[in-house]
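Next come the chains, spelled out residue by residue.
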Amino acid sequence: MTPAAAPVEVAVGVVIRADGSVLLAQRPDGKPYAGWWEFPGGKLEPGEAVDAALARELHEELGLDVRASCPWVVREFVYPHAHVRLHFRRVFEFDGEPRSREGQAFAWQRPGAVAVAPLLPASVPVIEWLTLPEVCARSAGASMGPDAFVEALARRLAAGLRLLLLDEPALPAAAFQALLARVVPMCRDAGARVLVGAAHGESVGAGADGVLLDDDALARAAARPAGRLAGATCADAAGLERAFALGLDFVVLPRTAAAPMPGVPFYRAADSAAPHELAAARRAGAHGLAVGERYWRDAAPGETGA
């Protein structure tokens, strides 16, 4: 049997403008999937680093000068014409405006409202990842008390928090149900999403947007949980591989985690959402930060809930 060919290594740029729009490019005539839209990038040359390849390709194709890019997600994809390993890197710092140097069209698009089509299959999950905020927060209703937590939640929602991980194993079932009934309408009104910890059983899905699996639930899961969002907390490579196999949207990993990660964005645990914490997490390959009780108690200047 002929051994399978190694995948082609490709650097892919997720170029993010200050307003949150991302850059998509249309594949030109003469290439496979001509007319389809994708994130720009190109193949690595022998011995070339991924960040260097991406900077070269974006300059050659679109005239952009990348000042810095952050590792994000690595995912393999098999097309009829090629087996590729895609190294997605987020680009927040660049100079210039895109201009077509190879005859291809391009467009800035909002991740939640992409109007160009069709999208290359490997680009579809990336659009979904980009709708995840860069900060998610685990609830602290049991330790703070429900009333104090709800007050802190209102403050953080007003400041921009858009993803709440409601997981309260220390609360009795009735108390948790009461808390869930209070926070879901608050989050709806603010445009935030709520994931409920899998340990809460029947409460999962009761007005929430999805489920958050812990290590035990992740190990037991036979398929991706129902719901619009599904994430997991995990502490090791086995859990991460399991999350990827189930097709989860993200994982929460310890503060020491760093990219590259196989196929799924990750949040890195942190004490606060201060800008320097977020910048360090980005450089380490994290999608963003997963914060806990200190976030609710400490309204340090300069923090963000976005």
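Scroll up to find the structure this text is about.
Residues numbered from 1 in each chain as written. Predicted model: local features only at pLDDT ≥ 70, side-chain atom pairs only at ≥ 80, totals over all residues. Heavy atoms only, no water.

K.L.:
Please explain a negative patch on the surface as it appears in this structure.
P.N.:
Taken together, the side chains of Asp214, Asp215, Asp216 and Asp236 make up a negatively charged region of the molecular surface. Of note, Asp215 is situated in helix H6 (residues 215-220). (Patch = residues over 30% accessible without salt bridge, like charges linked within 9 Å, V, L, I, M, F, W, Y side chains within 5 Å. Areas by Shrake-Rupley, 256 points an atom, 1.4 Å probe, with all protein chains shown as cover. Salt bridge = Lys/Arg side-chain N within 4 Å of Asp/Glu carboxyl O. Lys, Arg positive; Asp, Glu negative; His and termini not counted. Charge placed at Lys NZ, Arg CZ, Asp CG, Glu CD. Helix = DSSP H or I, 4+ residues; strand = E, 2+ residues; numbered from the N terminus.)

K.L.:
Any chance you could explain the sheet that holds strand E15 (residues 288-291) here in plain terms?
P.N.:
Strand order in the closed barrel made by the eight strands is E8-E9-E10-E11-E12-E13-E14-E15, with parallel pairing throughout. Here the strands of the sheet are splayed against their neighbours by 25 degrees on average, with no regard to which way each runs. Where strand E13 (residues 250-253) lies against strand E14 (residues 266-270), three bridges are found, and the strand directions are parallel. Bridge pairing links Val252 to Tyr267 in E14. Taken strand by strand, helix H5 (residues 173-190) contacts strand E9 (163-166) and strand E10 (193-197), and its axis lies near 175 degrees from that of E9. Each of E14 and E15 is contacted by helix H8 (residues 275-283), which is oriented at about 125 degrees to E15, the strand it contacts most. (Pairing = 2+ DSSP bridges. Axes fitted to C-alpha atoms, helices over the stretch in contact; angles between N-to-C directions. Contact = heavy atoms within 4.5 Å.)

K.L.:
Help me out: how do you make sense of the sheet that holds strand E2 (residues 22-26) in this one?
P.N.:
Two modes of strand pairing occur in sheets, parallel and antiparallel, and in both the strands are linked by backbone hydrogen bonds. Strands sit in the order E3-E2-E7 across an open sheet of three strands; the sheet is antiparallel. The open sheet has two edge strands, strand E3 (37-38) and strand E7 (106-109), and neither has a second partner. In terms of strand pairing, E2 meets E7 through four bridges, oriented antiparallel. Note that in E7 the partner of Leu24 across the bridge is Ala107.

K.L.:
Which parts of the structure should I look at to understand the packing of aromatic side chains?
P.N.:
Aromatic ring pairs are defined here through the distance separating the ring centres and the angle between the ring planes. As enumerated under the stated definition, the model contains nine aromatic pairs in all. With 5.0 Å between their ring centres and 90 degrees between their planes, Tyr33 and Trp36 make a pair best called edge-to-face. Residue classification places Trp36 among the partly exposed positions, given a relative accessible area of 29%. Aromatic pair Phe250 and Tyr267: ring centres 5.2 Å apart, planes at 90 degrees, arrangement edge-to-face. (Phe/Tyr/Trp six-rings, centres within 6.5 Å; stacked < 30°, edge-to-face > 60°. Buried < 20%, exposed > 50% of the residue type's maximum accessible area, 1.4 Å probe, protein only.)

K.L.:
Can you help me understand the packing of helix H4 (residues 146-159) against H5 in this one?
P.N.:
Each pair of packed helices can be described by the angle between their axes along with the distance between the axes. Where H4 contacts H5, the axes come no closer than 11 Å and their chain directions differ by 10 degrees. With respect to H5, the element H4 is oriented roughly parallel. Mapping the contact onto sequence places Pro146, Asp147, Phe149, Val150, Leu153, Ala154 and Leu157 in H4 and Leu179, Arg182, Val183, Met186, Cys187 and Ala190 in H5. Each residue belonging to the contact of H4 with H5 can be placed in one class, and the counts come to 11 nonpolar, no polar and two charged. (Parallel < 35°, antiparallel > 145°, perpendicular 65-115°, else oblique. Nonpolar A, V, L, I, M, F, W, Y, C, P; charged D, E, K, R; others polar.)

K.L.:
What am I meant to see in the environment of Ala290 here?
P.N.:
Counting through the fold element by element, Ala290 comes out in strand E15. For Ala290, a relative accessible area of 9% puts it in the buried group. Separated by 23 residues in sequence, Ala290 and Tyr267 have C-alpha atoms that sit 5.5 Å apart. Beyond its immediate stretch of four places on either side in the chain, Ala290 contacts Cys136, Val252, Tyr267, Arg268, Ala269 and Ala270.

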